[in-house]
Amino acid sequence: MQITDKKIEEYCISKSNIPGTDCLKIEDYTRANVHGAGMLIGKMEASFIGFLLRSIKAKRVLELGTFTGYSALTMAENMPEGSEIITVDVNQETVNLAKDFWGKSAHGHKIKSILGPGLEVIPTLTGKFDFVFIDADKRNYIDYLKLTVPMLSEHGMIVIDNVLWGGQVLPGSESTGSDLRDRNTEFIRAVNDYIAGNPDLYGTLMPIRDGMFLVQKKTY
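The numbering scheme is per chain: residues are counted from 1 as the chain's sequence reads. Totals for whole chains, interfaces and linings use every residue, but because this is a predicted model, local features are given only for residues with pLDDT of at least 70 and side-chain atom pairs only at 80 or more, for both listing and counting. For the side-chain quantities, the full set of heavy atoms in the structure was used; hydrogens and water were omitted.

Engineer: I keep staring at the pattern of salt bridges and nothing clicks. Help me out?
Structural biologist: If charged atoms from side chains of opposite charge come close, those side chains can pair. For this document, the term salt bridge refers to a Lys or Arg side-chain nitrogen within 4 Å of an Asp or Glu carboxyl oxygen. In the structure shown here, the tally under the stated rule is six salt bridges. A salt bridge links Glu-27 to Lys-43, with the shortest nitrogen-to-oxygen separation between them at 3.1 Å. Here Glu-27 is found in helix α2 (residues 21-33), whereas its partner Lys-43 is found in helix α3 (residues 42-55), with 16 residues between them in sequence. Burial classification: accessible surface area is computed with a 1.4 Å probe over protein chains only, and a residue below 20% of its type maximum counts as buried, one above 50% as exposed, and the rest as partly exposed. Classification of Glu-27 as buried rests on a relative accessible area of 6%. Secondary structure elements follow DSSP: runs of H or I no shorter than four residues count as helices, runs of E no shorter than two count as strands, and numbering proceeds from the N terminus.

Okay, structure coming up:
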(Lines give C-alpha, C1' and ligand atoms only; values in the text may rest on other atoms or scores of the structure.)
Protein backbone atom coordinates (compact mmCIF):
# COMPACT_ATOMS: atom_id res chain seq x y z
CA MET A 1 0.00 0.00 0.00
CA GLN A 2 1.35 3.43 -1.00
CA ILE A 3 0.34 5.51 2.04
CA THR A 4 0.86 8.86 0.32
CA ASP A 5 0.33 9.61 -3.36
CA LYS A 6 3.73 9.26 -5.03
CA LYS A 7 3.49 12.59 -6.87
CA ILE A 8 2.53 14.38 -3.66
CA GLU A 9 5.48 12.80 -1.85
CA GLU A 10 7.88 13.76 -4.63
CA TYR A 11 6.61 17.35 -4.51
CA CYS A 12 7.10 17.45 -0.73
CA ILE A 13 10.63 16.11 -1.11
CA SER A 14 11.42 18.74 -3.74
CA LYS A 15 10.48 21.51 -1.28
CA SER A 16 12.16 19.99 1.78
CA ASN A 17 15.69 19.91 3.14
CA ILE A 18 16.97 16.46 2.24
CA PRO A 19 20.09 14.45 3.16
CA GLY A 20 23.43 15.49 1.72
CA THR A 21 25.43 13.91 -1.07
CA ASP A 22 27.18 11.42 1.24
CA CYS A 23 23.80 10.03 2.27
CA LEU A 24 22.63 9.92 -1.33
CA LYS A 25 25.68 7.79 -2.17
CA ILE A 26 24.59 5.30 0.50
CA GLU A 27 21.06 5.28 -0.86
CA ASP A 28 22.16 4.77 -4.47
CA TYR A 29 24.63 2.02 -3.58
CA THR A 30 22.16 0.22 -1.33
CA ARG A 31 19.36 0.25 -3.89
CA ALA A 32 21.70 -1.08 -6.57
CA ASN A 33 23.62 -3.68 -4.58
CA VAL A 34 22.09 -4.64 -1.23
CA HIS A 35 19.23 -7.06 -0.62
CA GLY A 36 16.38 -5.49 1.34
CA ALA A 37 17.02 -1.94 0.11
CA GLY A 38 13.38 -1.17 0.92
CA MET A 39 14.48 -0.89 4.54
CA LEU A 40 16.06 2.50 3.77
CA ILE A 41 14.04 5.28 5.37
CA GLY A 42 14.17 7.45 2.25
CA LYS A 43 14.41 11.21 1.74
CA MET A 44 11.00 12.27 3.10
CA GLU A 45 11.36 10.41 6.37
CA ALA A 46 14.98 11.51 6.70
CA SER A 47 13.96 15.16 6.27
CA PHE A 48 11.26 14.79 8.92
CA ILE A 49 13.64 13.14 11.39
CA GLY A 50 16.15 15.91 10.75
CA PHE A 51 13.46 18.47 11.59
CA LEU A 52 12.63 16.62 14.83
CA LEU A 53 16.29 16.46 15.86
CA ARG A 54 16.75 20.17 15.25
CA SER A 55 13.51 21.01 17.06
CA ILE A 56 14.61 19.35 20.29
CA LYS A 57 18.29 20.26 19.79
CA ALA A 58 19.25 16.61 20.12
CA LYS A 59 22.86 15.87 21.00
CA ARG A 60 22.65 12.17 21.87
CA VAL A 61 20.81 9.56 19.82
CA LEU A 62 20.27 5.82 20.09
CA GLU A 63 19.40 3.98 16.89
CA LEU A 64 18.26 0.35 16.83
CA GLY A 65 18.81 -0.98 13.33
CA THR A 66 21.80 0.34 11.39
CA PHE A 67 21.43 -1.41 8.01
CA THR A 68 23.80 0.36 5.56
CA GLY A 69 24.14 3.51 7.64
CA TYR A 70 21.89 5.91 5.75
CA SER A 71 19.61 6.86 8.66
CA ALA A 72 22.50 7.28 11.10
CA LEU A 73 24.32 9.62 8.73
CA THR A 74 21.21 11.66 7.97
CA MET A 75 20.79 12.17 11.71
CA ALA A 76 24.46 13.07 12.14
CA GLU A 77 24.08 15.76 9.48
CA ASN A 78 21.37 17.38 11.59
CA MET A 79 23.24 17.37 14.90
CA PRO A 80 25.93 19.79 16.11
CA GLU A 81 29.60 19.04 16.69
CA GLY A 82 30.14 17.12 19.91
CA SER A 83 26.98 15.04 19.38
CA GLU A 84 26.88 11.26 19.54
CA ILE A 85 24.82 8.66 17.73
CA ILE A 86 25.01 5.10 19.02
CA THR A 87 23.66 2.67 16.45
CA VAL A 88 23.08 -1.03 17.14
CA ASP A 89 22.78 -3.91 14.68
CA VAL A 90 23.60 -7.62 14.40
CA ASN A 91 24.63 -7.75 10.73
CA GLN A 92 28.41 -7.45 10.44
CA GLU A 93 28.36 -7.20 6.65
CA THR A 94 26.01 -4.22 6.39
CA VAL A 95 27.60 -2.53 9.41
CA ASN A 96 31.02 -2.74 7.73
CA LEU A 97 29.49 -1.18 4.62
CA ALA A 98 28.00 1.60 6.75
CA LYS A 99 31.35 2.31 8.39
CA ASP A 100 33.02 2.65 5.00
CA PHE A 101 30.50 5.30 3.98
CA TRP A 102 30.67 7.13 7.32
CA GLY A 103 34.45 7.28 7.04
CA LYS A 104 34.10 9.38 3.91
CA SER A 105 31.72 11.89 5.49
CA ALA A 106 32.52 14.99 7.54
CA HIS A 107 29.81 13.88 9.97
CA GLY A 108 30.77 10.22 10.31
CA HIS A 109 32.86 10.78 13.45
CA LYS A 110 29.63 11.46 15.39
CA ILE A 111 28.51 7.85 14.90
CA LYS A 112 29.47 4.91 17.12
CA SER A 113 28.47 1.41 15.99
CA ILE A 114 27.82 -1.43 18.40
CA LEU A 115 27.44 -4.94 16.97
CA GLY A 116 25.04 -7.13 18.92
CA PRO A 117 21.38 -7.84 19.75
CA GLY A 118 19.54 -4.73 20.90
CA LEU A 119 18.03 -6.42 23.95
CA GLU A 120 21.54 -7.25 25.17
CA VAL A 121 23.18 -3.96 24.24
CA ILE A 122 20.59 -1.50 25.59
CA PRO A 123 21.03 -2.49 29.29
CA THR A 124 24.78 -1.84 28.99
CA LEU A 125 24.31 1.78 27.89
CA THR A 126 24.49 4.61 30.38
CA GLY A 127 23.28 8.19 30.34
CA LYS A 128 20.24 9.79 28.76
CA PHE A 129 19.25 10.00 25.11
CA ASP A 130 17.48 12.91 23.45
CA PHE A 131 16.21 10.78 20.58
CA VAL A 132 15.71 7.06 20.01
CA PHE A 133 15.02 5.65 16.55
CA ILE A 134 13.62 2.10 16.54
CA ASP A 135 13.86 0.42 13.15
CA ALA A 136 15.02 -3.12 13.86
CA ASP A 137 13.35 -6.53 14.26
CA LYS A 138 9.62 -6.10 14.73
CA ARG A 139 9.34 -8.98 17.22
CA ASN A 140 11.12 -6.92 19.85
CA TYR A 141 9.59 -3.51 19.12
CA ILE A 142 7.58 -3.41 22.34
CA ASP A 143 10.58 -4.50 24.43
CA TYR A 144 12.82 -1.89 22.78
CA LEU A 145 10.23 0.74 23.63
CA LYS A 146 9.89 -0.33 27.25
CA LEU A 147 13.66 -0.39 27.71
CA THR A 148 14.32 3.00 26.15
CA VAL A 149 11.50 5.13 27.58
CA PRO A 150 13.29 5.39 30.97
CA MET A 151 16.48 6.42 29.12
CA LEU A 152 14.95 9.54 27.56
CA SER A 153 16.17 12.98 28.53
CA GLU A 154 13.68 15.56 29.79
CA HIS A 155 12.53 16.58 26.31
CA GLY A 156 13.51 13.36 24.56
CA MET A 157 11.45 11.41 22.09
CA ILE A 158 11.25 8.00 20.48
CA VAL A 159 10.38 7.39 16.84
CA ILE A 160 9.31 3.90 15.79
CA ASP A 161 9.40 3.11 12.08
CA ASN A 162 7.18 0.89 9.87
CA VAL A 163 4.21 1.03 12.23
CA LEU A 164 1.65 0.93 9.39
CA TRP A 165 3.36 -2.07 7.80
CA GLY A 166 1.99 -1.47 4.33
CA GLY A 167 -1.52 -1.09 5.72
CA GLN A 168 -1.53 -4.60 7.20
CA VAL A 169 -2.13 -3.23 10.70
CA LEU A 170 -5.64 -2.10 9.73
CA PRO A 171 -8.42 -4.17 11.31
CA GLY A 172 -9.63 -6.89 8.99
CA SER A 173 -6.61 -6.74 6.69
CA GLU A 174 -6.17 -9.95 4.76
CA SER A 175 -3.19 -12.25 5.23
CA THR A 176 -0.20 -11.51 3.01
CA GLY A 177 0.52 -15.21 2.58
CA SER A 178 3.85 -14.76 4.34
CA ASP A 179 4.04 -16.23 7.85
CA LEU A 180 6.91 -13.93 8.86
CA ARG A 181 5.20 -10.78 7.58
CA ASP A 182 1.92 -11.77 9.26
CA ARG A 183 3.69 -12.40 12.58
CA ASN A 184 5.41 -9.03 12.27
CA THR A 185 2.01 -7.45 11.69
CA GLU A 186 0.87 -8.72 15.07
CA PHE A 187 4.04 -7.46 16.78
CA ILE A 188 3.52 -4.00 15.28
CA ARG A 189 -0.16 -3.95 16.22
CA ALA A 190 0.85 -4.84 19.76
CA VAL A 191 3.26 -1.93 20.14
CA ASN A 192 0.78 0.48 18.52
CA ASP A 193 -1.92 -0.63 20.96
CA TYR A 194 0.48 -0.42 23.89
CA ILE A 195 1.37 3.20 23.13
CA ALA A 196 -2.23 4.20 22.50
CA GLY A 197 -3.34 2.69 25.81
CA ASN A 198 -0.47 3.88 28.01
CA PRO A 199 -1.47 6.92 30.10
CA ASP A 200 2.18 7.81 30.72
CA LEU A 201 3.00 8.24 27.04
CA TYR A 202 2.00 10.85 24.48
CA GLY A 203 2.02 9.33 21.02
CA THR A 204 1.25 10.53 17.50
CA LEU A 205 1.20 8.07 14.62
CA MET A 206 2.20 9.81 11.41
CA PRO A 207 1.32 8.41 7.95
CA ILE A 208 4.78 9.21 6.58
CA ARG A 209 6.25 6.53 4.33
CA ASP A 210 5.34 3.27 6.13
CA GLY A 211 4.21 4.96 9.34
CA MET A 212 6.17 6.66 12.11
CA PHE A 213 5.05 6.59 15.75
CA LEU A 214 6.33 9.61 17.70
CA VAL A 215 6.43 8.99 21.43
CA GLN A 216 7.27 11.10 24.47
CA LYS A 217 6.85 10.69 28.21
CA LYS A 218 3.98 12.75 29.56
CA THR A 219 5.14 15.29 32.10
CA TYR A 220 1.74 16.90 32.67
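Engineer: Would you mind going over the packing of aromatic side chains with me for this structure?
Structural biologist: Given two aromatic rings, one states the distance between the centres and the angle between the planes to describe the pair. Stacked, tilted and edge-to-face pairs are distinguished by plane angle, under 30 degrees for stacked and over 60 for edge-to-face with tilted covering the rest, among Phe, Tyr and Trp rings (Trp via its six-membered ring) whose centres lie within 6.5 Å. Applying the stated rule across the entire model yields one aromatic pair. Arg-60 extends its terminal NZ or CZ atom over the ring of Phe-129, reaching a point 4.1 Å from the ring centre. One cation-aromatic arrangement involves Lys-104 over Phe-101; the distance from NZ or CZ to the ring centre is 5.9 Å. Over a ring means this: the NZ of a Lys or the CZ of an Arg is within 6 Å of the ring centre and within 35 degrees of the ring normal.

Engineer: Would you mind showing me how to read helix α7 (residues 141-148) here?
Structural biologist: The α-helix advances 3.6 residues per turn, and as a result positions three or four apart in sequence lie on the same side. Three or more residues of α7 are buried, namely Tyr-141, Tyr-144, Leu-145 and Thr-148. In an axial view of α7, the angular spread of the buried residues amounts to 100°, which keeps them on one side of the axis. Each direction from the helix axis to a C-beta atom contributes to the arc, which is the arc of those directions.

Engineer: When you look at the sheet that holds strand β6 (residues 201-206) in this model, what are you seeing that I'm missing?
Structural biologist: Note on sheets: strands pair through backbone hydrogen bonds, and any given pair is parallel or antiparallel. Strand order in the open sheet formed by seven strands is β3-β2-β1-β4-β5-β7-β6, with mixed pairing between adjacent strands. Whereas interior strands pair on both sides, the edge strands pair on one side only; in this sheet they are β3 (111-115) and β6. Direction aside, neighbouring strands of the sheet carry axes that sit 15° apart on average. Two strands are counted as paired when DSSP detects at least two bridges linking them. The pairing of strand β1 (residues 60-64) with strand β4 (residues 129-134) spans four bridges and is classified as parallel. From the neighbouring strand, Leu-64 faces β4, where its bridge partner is Ile-134. With respect to the sheet, helix α4 (residues 70-77) is in contact with β1, β2 (84-89), β3 and β4, its orientation differing from that of β1 by roughly 170°. By definition in these notes, contact holds between two residues if any of their heavy atoms fall within 4.5 Å. Interaxial angle, 0 to 180 degrees, is taken between N-to-C directions of lines fitted to C-alpha atoms, where a helix line uses only the stretch in contact. Against the sheet, helix α5 (residues 92-102) touches β2 and β3, its axis set at about 165° to β3.

Engineer: What's the story with α5 in this structure? I'm lost.
Structural biologist: What α5 keeps buried is the set Thr-94, Val-95, Leu-97, Ala-98, Phe-101 and Trp-102. Here the buried residues of α5 occupy an arc of 160° about the axis, which is enough to place them on one side. In this fold, the buried residues of α5 make contact with α2, α4, β2 and β3. Polar contact criterion, stated in full: a pair of N or O atoms within 3.5 Å, where within protein one must be able to donate a hydrogen and the other to accept it, and residues adjacent in sequence count only if both atoms are side-chain atoms. At the N-terminal boundary of α5, the capping side chain belongs to Asn-91, with an oxygen 3.0 Å from the backbone nitrogen of Glu-93.

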